[in-house]
Amino acid sequence: MASTLPVLDLALLELPDAEQVQYLTELRETARDVGFFYLVNHGINPQLLQNVQSITRAFFALPDEEKQRVSMIHSPHFRGYNRAGVEYTREQRDQREQFDIGAERAALPLQPDDPAWKQLQGPNLWPQALPQLRPVIHAWQQAMTDVALRLLRAFAKSLALPPDAFDALYGTHPNEHVKLIRYPGQDAAASQQGVGAHKDSGFLTFLLQDDQPGLQVEVTPDQWVDALPKAGAFVVNIGELLEIATNGYLRATVHRVVSPPAKQQRISIAFFLGAQLDAEVPLYQLPPQLAAEARGPTSDPSNPLLREVGWNYLKGRLRSHRDVAQRYYADTLNSVKS
């Protein structure tokens, strides 16, 4: 079993076509066999990386009453702040506080027969006590979208698809999601579930870590590798959309975070590149030699994968954020139970 994650160089994936074949093969095989890797030479300004980490710490250092002003319970779009222990993964409370930000768009007008997932689009909540948070996060979101699209198109090429093969799913109103996360230290006798074992629901996830370990990747059933912090690198993983789209050739890998020790903390910033809410994920036709290696998407019967993007996203939000779900989506919850 590998003791660390592979390292991939984004600059090598953008060489002239004749020179990048080896690196595209490495990208494809890494995504298929592991589903997680470090990405270096991504081109993001180091000052922006420092700014987003500093502003994240500043947000979590705000008084609790200021953070509660932007609590997620005030947002039917699942935007805003959550205290540690509010979110659930696999029926257990996650010991992390977090602030969720999506693409800044107006809420969609809703008709009685509209699908509930249309309510996912809407404005963000921003803390008045930290006005500089909004411009820093917007700059980060734009820069990460550029990197994510470059990598997504490299994945398409690695699968012998046109570079823009996934662009229609991404669309003009993609689900670009930023999550600022703080894991407080836990006593040895307390729950160590920073966040429980799960897969991500979008195309690609990029994680900027501080120097505190905690992220673990399930490379084989019940065998975990520590994704230790690596200066200047993102940890990247495949989401369920790419697993569904490639019939399981690409792998959305289960991962978790173990809480740091008492009196310590772990700060991380995640960027999720997703698809347009009204999209439906097709099954892309891979070349025969690749299609023969596709294993089919893995789906937990209690949390099935859905090709309808909006419903797949909403399903995850309803399971994780029970207070928001009950306040704004009670009819949807009742229809699922009936």
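These remarks concern the structure in this document. Keep in mind that what you see is a predicted model, and the values were worked out from it rather than measured.

Rules used throughout
- Residues numbered from 1 in each chain as written.
- Predicted model: local features only at pLDDT ≥ 70, side-chain atom pairs only at ≥ 80, totals over all residues.
- Heavy atoms only, no water.
- Helix = DSSP H or I, 4+ residues; strand = E, 2+ residues; numbered from the N terminus.
- Buried < 20%, exposed > 50% of the residue type's maximum accessible area, 1.4 Å probe, protein only.
- Contact = heavy atoms within 4.5 Å.
- Expected span 1.5 Å × (residues − 1).
- Polar contact = N/O pair within 3.5 Å; in protein donor to acceptor, adjacent residues only side chain to side chain.
- 1 Å grid on protein atoms, 1.4 Å probe; cavity = no way out; pocket = protein on both sides within 12 Å on 5 of 7 lines; lining within 4 Å.
- Points joined across faces, edges and corners; volume = space filled by probe spheres on them.
- Nonpolar A, V, L, I, M, F, W, Y, C, P; charged D, E, K, R; others polar.
- Phe/Tyr/Trp six-rings, centres within 6.5 Å; stacked < 30°, edge-to-face > 60°.
- Lys NZ or Arg CZ within 6 Å of the ring centre and 35° of its normal.
- Salt bridge = Lys/Arg side-chain N within 4 Å of Asp/Glu carboxyl O.

What about the environment of Thr-298?
Item 1. Mapped onto the secondary structure, Thr-298 falls in the loop between helix 7 (288–291) and helix 8 (309–320).
Item 2. On the accessibility criterion, Thr-298 (47% relative accessible area) is partly exposed.
Item 3. Along the chain, Thr-298 and Gly-248 lie 50 residues apart, while their C-alpha atoms are 7.2 Å from each other.
Item 4. With sequence-adjacent residues up to four places away left out, Thr-298 is seen in contact with Lys-199, Glu-243 and Leu-305.

Some remarks on helix 2 (residues 46–60)
Item 1. With 15 residues, helix 2 extends 22 Å between its outermost C-alpha atoms, agreeing within 8% with the 21 Å of an ideal straight helix rising 1.5 Å per residue.
Item 2. Where helix 2 starts, the residue carrying a side-chain oxygen 2.7 Å from the main-chain nitrogen of Gln-47 turns out to be Asn-45.

Section: empty space enclosed by the protein
Item 1. Going through the model one piece at a time under the given rule, you end up with one cavity of 30 Å³ or more.
Item 2. In this structure, the largest cavity encloses a volume near 180 Å³.
Item 3. Looking at the largest cavity, it is lined by 17 residues, and the ones nearest its centre are His-77, Arg-79, Leu-120, Asn-175 and Arg-317.
Item 4. Elements supplying a minimum of two residues to the lining of the largest cavity: strand 7 (174–184) and helix 8.
Item 5. Considering each element in turn, the lining of the largest cavity owes the most residues, four residues, to strand 7.
Item 6. Grouping the constituent residues of the lining of the largest cavity by class yields six nonpolar, six polar and five charged.

Some points on the packing of aromatic side chains
The geometry of an aromatic ring pair comes down to the distance between the two centres and the angle between the two planes.
Item 1. Inspection of the entire model under this criterion finds 11 aromatic pairs.
Item 2. Aromatic side chains Phe-166 and Tyr-284 sit 4.9 Å apart centroid to centroid with 65 degrees between the ring planes, which places their arrangement in the edge-to-face category. Of this pair, Phe-166 sits in the loop between helix 4 (133–158) and helix 5 (167–170) while Tyr-284 sits in the loop between strand 14 (265–276) and helix 7, and the two are 118 residues apart along the sequence. Pair check on accessibility: Phe-166 and Tyr-284 agree, each one buried.
Item 3. We note Lys-230 situated over the ring of Tyr-38; from NZ or CZ to the ring centre the distance is 6.0 Å.
Item 4. Sitting above the plane of the Tyr-88 ring, Arg-322 keeps its charged end 3.7 Å from the centroid.

Some remarks on the pattern of salt bridges
Where charged atoms from two side chains of opposite charge come close, those side chains can pair.
Item 1. Tallied over the entire structure, the rule returns 14 salt bridges.
Item 2. One salt bridge in this structure joins Arg-32 and Asp-33, with 3.3 Å as the shortest N-O distance.
Item 3. Put simply, Arg-182 and Glu-97 hold a salt bridge, and the shortest N to O gap is 2.9 Å. With Arg-182 in strand 7 and Glu-97 in strand 6 (residues 97–101), the pair connects residues that are 85 residues apart, well separated along the chain.
Item 4. Residue class for Arg-182 comes out partly exposed when judged on its relative accessible area of 22%.
Item 5. Several salt bridges share partner residues, and in doing so they unite Lys-67, Glu-97 and Arg-182 into one network.

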